[in-house]
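Fold and geometry: a report
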Protein chains: 8
Amino acid sequence: MDQKEVYHLLEQVKSGEVSIDQAILDLKEAPYQDIGYAKIDTHRGLRQGIPEVIYGAGKTADQIIGIVKEMTAHHQKHIMITRVSPEKAVHIGDKVPMIYHKLARFGQIGEMPEKSGKGRILVVTGGTSDLPVSEEAALTAEMLGNTVDRLYDVGVSGLHRLLDHLDSIMNARVIVAAAGMEGALASVVGGLADCPVIAVPTSVGYGASFGGLSALLSMLNSCASGVSVVNIDNGFGAGYLASMINHI
Amino acid sequence: MDQKEVYHLLEQVKSGEVSIDQAILDLKEAPYQDIGYAKIDTHRGLRQGIPEVIYGAGKTADQIIGIVKEMTAHHQKHIMITRVSPEKAVHIGDKVPMIYHKLARFGQIGEMPEKSGKGRILVVTGGTSDLPVSEEAALTAEMLGNTVDRLYDVGVSGLHRLLDHLDSIMNARVIVAAAGMEGALASVVGGLADCPVIAVPTSVGYGASFGGLSALLSMLNSCASGVSVVNIDNGFGAGYLASMINHI
Amino acid sequence: MDQKEVYHLLEQVKSGEVSIDQAILDLKEAPYQDIGYAKIDTHRGLRQGIPEVIYGAGKTADQIIGIVKEMTAHHQKHIMITRVSPEKAVHIGDKVPMIYHKLARFGQIGEMPEKSGKGRILVVTGGTSDLPVSEEAALTAEMLGNTVDRLYDVGVSGLHRLLDHLDSIMNARVIVAAAGMEGALASVVGGLADCPVIAVPTSVGYGASFGGLSALLSMLNSCASGVSVVNIDNGFGAGYLASMINHI
Amino acid sequence: MDQKEVYHLLEQVKSGEVSIDQAILDLKEAPYQDIGYAKIDTHRGLRQGIPEVIYGAGKTADQIIGIVKEMTAHHQKHIMITRVSPEKAVHIGDKVPMIYHKLARFGQIGEMPEKSGKGRILVVTGGTSDLPVSEEAALTAEMLGNTVDRLYDVGVSGLHRLLDHLDSIMNARVIVAAAGMEGALASVVGGLADCPVIAVPTSVGYGASFGGLSALLSMLNSCASGVSVVNIDNGFGAGYLASMINHI
Amino acid sequence: MDQKEVYHLLEQVKSGEVSIDQAILDLKEAPYQDIGYAKIDTHRGLRQGIPEVIYGAGKTADQIIGIVKEMTAHHQKHIMITRVSPEKAVHIGDKVPMIYHKLARFGQIGEMPEKSGKGRILVVTGGTSDLPVSEEAALTAEMLGNTVDRLYDVGVSGLHRLLDHLDSIMNARVIVAAAGMEGALASVVGGLADCPVIAVPTSVGYGASFGGLSALLSMLNSCASGVSVVNIDNGFGAGYLASMINHI
Amino acid sequence: MDQKEVYHLLEQVKSGEVSIDQAILDLKEAPYQDIGYAKIDTHRGLRQGIPEVIYGAGKTADQIIGIVKEMTAHHQKHIMITRVSPEKAVHIGDKVPMIYHKLARFGQIGEMPEKSGKGRILVVTGGTSDLPVSEEAALTAEMLGNTVDRLYDVGVSGLHRLLDHLDSIMNARVIVAAAGMEGALASVVGGLADCPVIAVPTSVGYGASFGGLSALLSMLNSCASGVSVVNIDNGFGAGYLASMINHI
Amino acid sequence: MDQKEVYHLLEQVKSGEVSIDQAILDLKEAPYQDIGYAKIDTHRGLRQGIPEVIYGAGKTADQIIGIVKEMTAHHQKHIMITRVSPEKAVHIGDKVPMIYHKLARFGQIGEMPEKSGKGRILVVTGGTSDLPVSEEAALTAEMLGNTVDRLYDVGVSGLHRLLDHLDSIMNARVIVAAAGMEGALASVVGGLADCPVIAVPTSVGYGASFGGLSALLSMLNSCASGVSVVNIDNGFGAGYLASMINHI
Amino acid sequence: MDQKEVYHLLEQVKSGEVSIDQAILDLKEAPYQDIGYAKIDTHRGLRQGIPEVIYGAGKTADQIIGIVKEMTAHHQKHIMITRVSPEKAVHIGDKVPMIYHKLARFGQIGEMPEKSGKGRILVVTGGTSDLPVSEEAALTAEMLGNTVDRLYDVGVSGLHRLLDHLDSIMNARVIVAAAGMEGALASVVGGLADCPVIAVPTSVGYGASFGGLSALLSMLNSCASGVSVVNIDNGFGAGYLASMINHI
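Starting afresh in each chain, residues are numbered from 1 along the sequence in its written order. Chain labels run from A onward and ligand labels from 1 onward, assigned in the order the entries are written. Local features are withheld for residues below a pLDDT of 70 in this predicted model, meaning they are given only at 70 or higher, and side-chain atom pairs are given and counted only at 80 or more; totals for whole chains, interfaces and linings count all residues. Side-chain metrics in this entry use all non-hydrogen atoms of the structure; hydrogen atoms and water are not considered.

Focus on the interface of chain G and chain H
Between two residues, a contact is recorded if the distance between any of their heavy atoms is within 4.5 Å. Taken together, the contact between chain G and chain H spans 36 residues of the former and 35 residues of the latter. A 1.4 Å probe defines the accessible area here, and the buried area is the portion of it lost by two parts on being joined, summed over both. Here chain G meets chain H over a buried area of about 3200 Å², counting both sides, of which 65% is carbon and sulfur. The working definition used for a salt bridge is a side-chain nitrogen of Lys or Arg within 4 Å of a carboxyl oxygen of Asp or Glu. Seen at the junction of chain G and chain H, the total is zero salt bridges. Side-chain atoms alone can form a polar contact between residues adjacent in sequence; in general such a contact is a pair of N or O atoms within 3.5 Å, and within protein one must be able to donate a hydrogen while the other accepts it. The tally of links from chain G across to chain H stands at six residue pairs in polar contact (both at pLDDT 80 or more). Those elements that place two or more of their residues in the side of chain G that touches chain H are helix 3 (37-42), helix 4 (44-48), helix 8 (159-163), helix 9 (166-171), helix 10 (184-192), helix 11 (213-220), strand 9 (227-229) and helix 12 (235-247) of chain G. Helix and strand definitions here come from DSSP, where helices need a minimum of 4 consecutive H or I residues and strands a minimum of 2 consecutive E residues; each element is numbered from the N-terminal end. Here the side of chain G that touches chain H gets five residues from one element, more than from any other, and that element is helix 12 of chain G. Per-class residue counts for the side of chain G that touches chain H are 24 nonpolar, nine polar and three charged. Residues are grouped as follows: Ala, Val, Leu, Ile, Met, Phe, Trp, Tyr, Cys and Pro are nonpolar; Asp, Glu, Lys and Arg are charged; every other residue, Gly included, is polar.

Here it is as structure tokens:
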């Protein structure tokens with residue numbers, strides 16, 4: 001409600017066209033009305049610049065199929081579906097042309113888009129059990145138009161494996177580091193690299209790993225500058241953020 | 001010795017201005033300047049391309065003065081000192097020309113460098129008590145050559161204050177969001193912005209805020225993509241990462 | 001025996017329609033209907049003025065059927081049964097006329113009562129996975145005589161969806177806000193509304209959501225005044241309290 | 001500018017006493033009174049219909065004095081200042097006419113307003129050490145126009161003290177129950193009352209009370225319907241919510 | 001071999017019925033009956049004066065049968081087996097004459113012994129879902145020679161149900177109070193009784209009950225003197241301790 | 001309200017002497033009215049059989065002096081005051097004849113009463129830093145008429161010190177075991193003794209002792225039967241309960 | 001990169017053979033290049049002196065078979081596979097000659113090696129349910145060439161069982177103490193022994209054992225010197241470290 | 001009580017010299033009497049082979065002086081006193097010849113003993129703020145006769161500093177790794193070394209370091225074999241264990 005509209009409203013109050021009670025109601029809502037959200041809504045692709053993503057965990061196969069069909073009907077070419085169980089994947093694959101990446105539990109609709117990112121994204125993991133999360137990150141980044149290098153099973157307890165790949169670390173524009181038992185990985189990689197490192201704690205592990213909490217705390221306490229952390233197991237979020245930085 | 005200085009040294013080697021032996025000596029000296037209580041990693045300027053930072057919390061005023069003098073003797077022009085108590089600041093200010101930012105407990109040696117960042121960094125906070133942390137982030141980013149906008153006291157419980165500044169949010173290249181009681185701030189800002197948001201939980205608050213833990217968890221669970229989190233109260237880390245992204 | 005029924009009984013005593021001895025017998029019987037495994041507190045209708053509720057989680061289908069039959073034998077018209085699994089629902093439905101709301105795992109005996117609440121109750125949720133809890137709240141409130149508006153899937157990371165419904169928020173007499181990943185929802189709604197907001201953390205989510213604990217802490221730290229919190233997943237409690245406030 | 005004042009302003013517009021331009025100016029000024037360190041949300045009186053409150057914990061005496069003067073310059077008659085230490089209170093009292101309630105660390109500007117609440121608010125506490133929090137709740141409610149009954153030191157371990165005051169419990173329209181060691185208080189009061197009970201965990205206690213966490217959990221698990229919880233030590237929030245319910 | 005049996009053995013030594021060599025052999029054998037997977041501490045009957053108990057949770061049906069047969073071969077008349085699943089119970093019941101209490105998952109070998117306790121033990125519970133734990137406590141106490149009164153489903157949120165049984169509370173020599181959602185029960189009972197109250201948190205409940213932790217904390221913070229706490233779900237420990245106190 | 005009174009009330013309703021509204025109010029309170037609490041209140045000494053205790057932590061010296069004078073005016077001979085700081089003790093000692101036990105921060109008014117307990121109470125501690133808590137327990141028990149043996153600094157890491165005192169352990173009727181770093185003490189003592197053991201975690205210790213939490217958990221998990229736990233540092237509670245058991 | 005190589009590089013810079021940019025890149029990697037990792041990698045057996053181990057938890061039977069075949073093809077004679085489920089064991093046993101220790105879920109390829117350790121390793125456990133973890137430790141140590149004594153089911157609540165085996169404790173060169181409910185075991189054994197004690201918390205137990213956390217904390221707080229702790233359930237790690245110490 | 005003594009006891013029972021009750025008491029204590037602890041007590045130095053240590057934290061300067069004098073009177077030449085504040089150190093130094101190491105808060109009586117350890121102990125730390133703990137470890141080890149190398153301020157975020165000292169790591173017989181913010185240090189060192197690594201979490205740090213808990217969890221989850229953990233800040237325990245291993 002800009003100044004003109006308030007002026008008009010008050011004229012109407014003065015003339016009796018609008019009751020005082022109605023005017024009070026209108027004024028109460030004013031602070032939130034002038035930001036054109038309808039436009040933003042229809043331009044969401046513009047505002048955030050990404051293909052669509054469906055969070056598959058809480059949805060049935062039929063719901064996912066419905067959403068995919070709706071999206072493709074609106075000419076969406078690239079859709080990614082995260083956290084799709086193998087069982088659901090079979091059902092979905094029957095109805096829509098989905099490429100299913102089993103390890104990452106990740107569904108891909110449409111081909112990988114052209115590379116639009118400015119540099120390379122490196123995804124590093126501590127152990128084989130961290131692969132589902134790191135693959136989710138890698139596929140997400142690829143679906144968003146990035147070139148992704150994978151450097152898997154290079155935990156800090158066997159440091160030379162990591163140091164053998166210094167080139168990959170030095171050449172990356174953004175790094176995603178996923179680890180469950182070895183939260184230390186983020187510190188070490190962060191200390192070696194001079195680019196942003198996105199740490200993803202994973203919930204694998206046993207004993208005092210507490211479902212990823214220990215890795216999370218370890219990563220947050222990293223003394224290496226340039227490291228930030230996303231939620232436990234949030235491979236998608238890491239890949240998304242990496243892509244965002246790589247497109248700046 | 002930062003990257004520019006190494007470049008210059010190599011140019012001098014190439015042109016014959018500096019002998020190879022002298023250059024080797026300079027490079028060898030670079031990584032460490034051992035002055036007893038800590039190895040100063042002056043190689044780091046090269047490896048990571050940034051001015052020096054001194055973490056002031058665990059050091060005495062005399063130790064800080066010693067490190068600053070050592071650094072300036074090595075032609076370091078810009079030094080920032082974090083977590084300097086007002087008492088220490090007085091002592092340090094007697095010996096070296098430090099500008100002291102009291103609210104952020106932040107010491108600045110040398111003028112702010114020229115702006116080298118590619119866009120603007122926005123620092124947003126939920127309440128006045130989050131200011132020390134957000135100012136640490138803002139000053140860090142400025143010391144690293146960034147233009148910083150400040151948007152303070154715009155908590156989500158009075159949403160219109162935040163919405164009044166949509167332009168600042170839309171124009172930022174990176175956003176730092178610091179909050180203690182209102183972890184929600186990161187979610188809301190992350191939903192409005194289309195750039196990376198670095199969330200900093202702060203330890204202010206009472207009751208079930210648990211020294212920043214609640215804000216930390218709230219920020220990690222943010223459903224908005226593009227949000228990552230640094231350690232509680234780590235304004236420096238947030239400013240540093242923001243600068244890194246802004247220089248990519 | 002609710003307050004109206006006691007009033008009616010006393011009127012009958014006054015008018016002589018019912019003898020004092022019979023009235024005493026009725027009142028004495030009221031507090032407990034001991035049927036072995038639990039004392040049914042039918043006095044509670046009087047003391048707290050509401051229809052009966054059965055907490056279904058720890059009870060077998062046969063126990064629930066027994067309690068329902070006992071209650072209906074005592075002329076209880078409206079009974080709600082919470083946390084009924086679909087399997088139990090089939091068994092119960094065979095023996096007593098229960099309407100089963102599958103999403104909310106909620107059993108309804110008798111029709112919805114007439115609307116007796118003074119205003120409207122709004123139930124808001126952050127995501128589709130919060131629906132079971134929010135529906136439990138909504139159905140509970142409806143069973144207690146309230147008009148309920150539902151505003152689902154309006155998380156703060158897409159703020160415009162929420163702001164599009166400012167009218168609903170402004171018109172509500174009480175709001176229930178249920179969210180698991182987006183504890184921020186309670187803060188934002190609390191900041192927009194000028195009526196009591198009852199926040200319900202839900203246990204959905206992954207990673208550092210810790211079974212609803214993160215949402216709980218986030219909601220407790222809400223800076224918006226007028227917000228209070230009930231137990232994780234306690235949709236019934238929220239609906240009950242909302243109704244209580246709406247009937248004051 | 002509260003709702004009554006806006007109503008009055010619009011009446012003046014209607015009658016021609018105040019020009020439309022002047023009214024627009026008044027309304028535009030209302031939302032923010034920027035005085036440097038914080039944006040005072042004076043629009044909030046309108047939006048939420050209450051006098052102003054200043055959260056004193058993170059502010060200096062001078063900042064508080066400045067805000068109070070600004071507010072009174074804008075004709076705010078009733079101001080409450082929470083969490084004011086006795087030291088600050090002396091300084092503030094020198095400059096502005098503040099009544100200081102020491103136990104609650106609560107500053108009051110202006111007389112208590114006329115009673116506008118529809119019923120009585122009862123504030124119950126478990127022990128003498130819970131008094132600061134319960135008094136903050138009681139004074140907040142009184143500043144917001146409510147009649148408040150106090151029922152102090154009636155812990156559940158001496159149940160008869162509580163039961164001796166059944167009348168107060170039965171007559172209340174809203175109850176605030178504050179306790180640190182005896183989280184059980186909320187359950188018991190909630191079971192006795194048939195009105196909303198707002199539970200406030202307090203941080204007093206020792207051993208496994210963990211700064212109010214135990215009381216918080218105990219209150220959240222209360223089986224009594226109608227009970228909700230605010231943040232640990234948040235007496236203001238409880239009093240505010242109680243007033244809100246009492247004015248519905 | 002319990003204290004009575006040792007007494008009898010020594011009487012036989014004194015009278016010459018049993019030779020000293022034989023007595024030494026009996027006593028030497030007593031402490032351990034090694035049967036492979038566990039050393040059965042039959043000396044313990046002497047040292048602590050009670051019948052045998054087998055913790056069934058980590059043992060197979062066959063192991064339990066073996067231990068029971070070994071014990072009965074050594075003239076143990078009363079054996080209790082805790083935490084026996086219904087499946088195991090069927091297998092065990094085929095081989096040894098066990099009475100199985102399904103609700104408490106409790107196996108009883110031999111009849112209940114004569115009452116030897118000096119007073120009555122009262123077992124109180126908050127809700128029907130606490131029954132397995134409270135029954136384990138009650139059966140344990142009965143197997144140890146105590147008269148046990150049960151007062152079930154008398155939670156504090158419906159206080160009158162508890163107050164209706166003041167006599168039972170006043171007459172008890174020891175009280176066991178088991179509750180999961182209503183940790184408050186221990187406080188209230190402890191305030192009413194003038195005998196030791198043993199509180200048992202149970203792991204039933206949902207949301208912020210955290211597997212009994214909330215009840216545990218609530219019980220530890222009880223302000224009522226005379227209350228102590230055993231481990232979550234440890235009905236056996238509570239019954240055992242109650243019996244110990246009742247036999248002093 | 002017994003049957004006669006309800007009969008009378010209904011007669012009054014019938015006759016019009018009492019309005020229906022008033023009758024409903026009277027009936028609502030009925031369940032809680034028939035337990036004669038006023039009597040219980042004045043007979044508290046009778047019901048719980050102990051001298052008076054003042055919890056000194058949250059009270060000023062003057063408040064304590066006032067309470068003591070009031071109590072002695074009512075002929076109370078034995079009063080104990082817990083958690084009295086040395087500073088307060090000086091003030092109190094000026095006004096009333098208090099014996100102050102500095103280590104336990106415990107004030108004693110009147111001589112120790114005659115021994116009325118049936119057996120001996122043993123207080124065991126792990127280290128010298130646990131003495132304040134164990135002395136509070138010991139003095140409390142002595143003030144309540146018990147003979148108390150002290151066995152201090154007998155931690156399990158030097159087991160022979162404990163085993164040297166087997167006689168004391170075997171002769172006790174109740175044992176209090178207080179420990180901060182050595183929660184194991186309760187297990188070991190519980191395994192040796194055949195009497196109730198009351199474990200008191202203390203908050204002394206460093207590192208992962210977490211203010212007594214580790215000791216608390218260790219004690220709760222004790223496999224020795226007959227062990228129960230009171231709140232961290234609650235020496236008074238332990239001494240009180242020990243006395244209660246020793247007087248049964 | 002040693003001094004000679006840097007000299008050569010600078011010569012190349014001077015001569016123009018190497019560009020300045022390339023030289024900067026080479027210099028950036030220098031600090032990590034001079035440690036001969038390739039050698040370490042191929043000599044890993046030498047550096048750490050142990051047979052191979054496969055962590056079986058996150059791998060399929062086929063993956064394990066593949067790794068085993070690869071290793072044996074390289075003449076590895078002794079392989080241990082930890083955390084192999086019985087199902088996987090059947091599949092693996094079909095393809096490679098594995099001895100499967102069911103209780104420890106431990107696969108053994110090749111015979112036990114000759115004893116190379118200098119002394120005896122003692123493995124002590126608190127209860128039968130700790131056996132899987134302690135057997136994993138014992139078998140690991142045996143596979144690494146150690147003589148292992150087992151002392152099982154000797155919890156501190158029946159202290160004489162432990163004391164009966166003082167000789168074993170006194171003769172050990174290293175002790176592994178595994179316990180879930182009885183974290184006290186590590187303290188007691190540590191107090192008796194004069195050799196290093198490696199404590200392993202196990203996740204067995206119920207109630208407040210919290211998946212081994214309570215045992216972990218109890219062990220960390222052990223006052224006995226010479227005790228250190230490994231991760232919950234990490235029998236392999238304990239056996240490995242015990243062997244390492246026994247081979248020093 | 002060996003077989004002969006039991007035989008004698010039973011003879012006395014038979015002859016009437018000893019009553020049956022007395023015999024039962026004697027037999028009850030038997031399991032614990034035959035281990036000659038008095039001898040062990042006087043031979044404690046023998047059993048554990050170390051000089052004396054005084055834990056200074058909970059003791060007054062006078063108490064410490066008294067203990068030192070007592071010990072030296074018994075010809076103890078080497079005494080170490082841990083956790084001595086500078087204030088106490090002044091008082092103690094006035095009375096006994098103590099060398100005070102301020103950084104480690106460590107008092108030394110007598111000269112360092114001759115080196116008796118078989119190899120070298122390396123103490124590694126992550127940052128300058130970890131020095132007090134690592135120095136406590138180093139001095140403890142030196143007082144116990146070990147050669148100690150110190151490698152300070154070599155955190156993993158600047159990995160080359162650590163790698164520059166590979167020789168020290170490779171040459172150590174035992175390593176102590178102390179870190180607060182960089183729990184990763186233990187993993188990295190453990191992966192490089194082939195000797196036991198004792199990790200000490202320190203309580204320095206801020207934010208989500210939670211008083212050393214994060215470092216503790218990170219260290220426990222270390223994937224490097226050969227790493228075990230002692231309590232937070234327990235430098236003494238680490239030094240003691242390192243010495244024990246170095247003397248095996």
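Text resumes after the structure shown.
Quick word on the pattern of salt bridges
Pairs can form between side chains of opposite charge once their charged atoms are near each other. Scanning the entire structure with this criterion turns up 32 salt bridges over all chains. A salt bridge links R150(A) to E142(A); the nearest nitrogen and oxygen atoms lie 3.0 Å apart. Two residues, D149(F) and R120(F), come together in a salt bridge whose shortest N-O distance is 2.8 Å. Taken as a pair, D149(F) in strand 6 (residues 147-151) and R120(F) in strand 5 (residues 120-125) lie far apart in primary sequence, 29 residues in all. Here's how the labels work: a residue is buried when its accessible area is under 20% of the maximum for its type, exposed when over 50%, partly exposed in between, all with a 1.4 Å probe on protein chains only. A relative accessible area of 22% places D149(F) in the partly exposed class. Overall, R120(F) belongs to the partly exposed group, its relative accessible area being 38%. Among the charged side chains, a network of salt bridges with common partners joins E135(A), E142(A) and R150(A).

Looking at the pairing of strand 8 (residues 147-151) of chain E
Residue and element names in this part refer to chain E. At least two bridges found by DSSP between two strands are what make those strands a pair. Summarising the sheet, strand 7 (residues 120-125) and strand 8 pair through five bridges and their orientation is parallel. Note that in strand 8 the partner of I121 across the bridge is V148. Convention used here: a crossover is right-handed provided that the path from the first strand, over the helix, to the second strand proceeds clockwise when the strands point away from the viewer. With helix 6 (residues 131-143) bridging strand 7 and the parallel strand 8, this β-α-β connection has right-handed handedness.

Thoughts on the sheet that holds strand 5 (residues 98-101) of chain E
Residues and elements named next belong to chain E. The strand order across the open sheet formed by four strands is 3-4-6-5, and the pairing between neighbours is mixed. Each edge of the open sheet is held by one strand with a lone partner, namely strand 3 (52-55) and strand 5. Between one strand axis and the next, the sheet turns by 20 degrees as a mean value, whatever way the strands run. Pairing between strand 5 and strand 6 (residues 106-109): four bridges, direction antiparallel. Looking at the pairing, Y100 lines up with G107 of strand 6. Sheet strands touched by helix 6: strand 4 (79-82), strand 5 and strand 6. Its angle to strand 6, the strand with the most contacts, is close to 15 degrees. Convention adopted: a line fitted to C-alpha atoms gives each axis, helices being fitted over their contacting stretch, and angles between N-to-C directions are expressed from 0 to 180 degrees.

A look at the sheet that holds strand 3 (residues 52-55) of chain D
Residue and element names in this part refer to chain D. Ordered by their spatial adjacency, four strands build an open sheet running 3-4-6-5, and the pairing between neighbours is mixed. Here the strands that pair on one side only, and so sit at the sheet edges, are strand 3 and strand 5 (98-101). Ignoring strand direction, the axes of neighbouring strands in this sheet form an average angle of 20 degrees. The pairing of strand 3 with strand 4 (residues 79-82) spans four bridges and is parallel. Bridge pairing in strand 4 places V53 opposite M80. Those strands touched by helix 4 (residues 61-73) are strand 3, strand 4 and strand 6 (106-109), and its axis lies near 165 degrees from that of strand 4.

Considerations on the domain arrangement of chain A
All names here are of chain A. For chain A, the domain assignment lists domain 1 (49-109) and domain 2 (120-246). Measuring from the centre of the C-alpha atoms in domain 1 to the corresponding centre in domain 2 gives 25 Å. Counting from both sides, the interface comprises 14 residues of domain 1 and, opposite them, 12 residues of domain 2. Taking both sides of the interface into account, the surface hidden between domain 1 and domain 2 amounts to around 1100 Å²; carbon and sulfur atoms contribute 79%. When the area that domain 1 buries against domain 2 is broken down by residue, the three leading residues are M80, R83 and L103, summing to 39%. The interface formed by domain 1 and domain 2 holds one salt bridge in total. In this structure, the salt-bridge partner of R83 is E136, at a minimum N-O distance of 3.8 Å. Seen at the junction of domain 1 and domain 2, the total is one residue pair in polar contact (both at pLDDT 80 or more). Of all the secondary structure elements, the ones that give two or more residues to the side of domain 1 that touches domain 2 are strand 2 (79-82) and strand 4 (106-109). Residue ranges for the domains trace back to a domain assignment, done automatically or taken from a database.

Remarks on the packing of helix 7 (residues 131-143) of chain G against helix 12 of chain G
Helix-helix packing is described using two parameters, namely the angle between the two axes and the distance between the axes. Residues and elements named next belong to chain G. The contact between helix 7 and helix 12 brings their axes to 7 Å, and the two run at 35 degrees. The crossing of helix 7 and helix 12 is right-handed. Contacts from V133, E136, A137, T140 and A141 of helix 7 reach helix 12 at G235, F236, G239 and Y240. Per-class residue counts for the contact of helix 7 with helix 12 are five nonpolar, three polar and one charged. Left-handed describes a crossing whose near helix is turned anticlockwise from the far helix by less than a right angle; the clockwise case is right-handed.

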